[in-house]
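Inside the fold
Residue strings, one per chain:
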Amino acid sequence: EGEECYSAVRYFMSKDFFENMKDYPMLNVQSTFEDFQAQVHIFNSSACPLPPCAAKPVQCVHVAHGSPCYEAAAWARADGIWANPDWYPELQAGASSIQGFQAHIH
């Protein structure tokens, strides 16, 4: 949606993500444009709106320990929020549950 957003997502998908993959465990090479757009929105909500699918409420389920979803939420809780607290405005470092991080990511 919008040239600025499209350009930001394409840059993230083609350059920043590949240079810093370990910083984005919730994304992979099979992630959709909308997945990357949702992440760009977290970085800079004025540059990109949430994609339509991310704006819809989803039913959150508890994920299995060791699954990619669990690993992404665990990384966000243990490392991501400390390094980038502005990515998780509704969560608290050291206090929010893994389910809170899972809901935020998805």
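Model, not experiment: these values are computed from the prediction.

As for the confidence of the model for the protein chain
Of all residues in the protein chain, 86% have pLDDT values of 70 or greater, and the mean over the chain is 79. The lowest-confidence element of the protein chain is helix 3 (residues 52-55), averaging 56 in pLDDT; the highest-confidence one is helix 1 (residues 3-19), averaging 87. Across residues 55-59, where pLDDT falls below 50, the model places one contact with residues more than four positions away in sequence or in other chains.

Thoughts on the pattern of salt bridges
Counted according to the given criterion, the structure contains one salt bridge. A salt bridge links Lys 15 to Glu 19; its shortest N-O distance comes to 2.5 Å. Placement of the pair is Lys 15 and Glu 19 together in helix 1, with a separation of four residues, close to one helical turn. On the basis of relative accessibility, which here comes to 36%, the residue Lys 15 falls in the partly exposed class.

Observations regarding the environment of Cys 5
By the element assignment, Cys 5 lies in helix 1. On the basis of relative accessible area, Cys 5 is assigned to the buried category, the value being 2%. It is 7.8 Å that separates the C-alpha atoms of Cys 5 and Gln 37, two residues lying 32 residues apart in sequence. Contacts of Cys 5, omitting those with residues within four sequence positions, involve Gln 37, Ala 47, Cys 48 and Pro 49.

Parameters and conventions
Residues numbered from 1 in each chain as written. Predicted model: local features only at pLDDT ≥ 70, side-chain atom pairs only at ≥ 80, totals over all residues. Heavy atoms only, no water. pLDDT = per-residue confidence, 0-100. Helix = DSSP H or I, 4+ residues; strand = E, 2+ residues; numbered from the N terminus. Contact = heavy atoms within 4.5 Å. Salt bridge = Lys/Arg side-chain N within 4 Å of Asp/Glu carboxyl O. Buried < 20%, exposed > 50% of the residue type's maximum accessible area, 1.4 Å probe, protein only.

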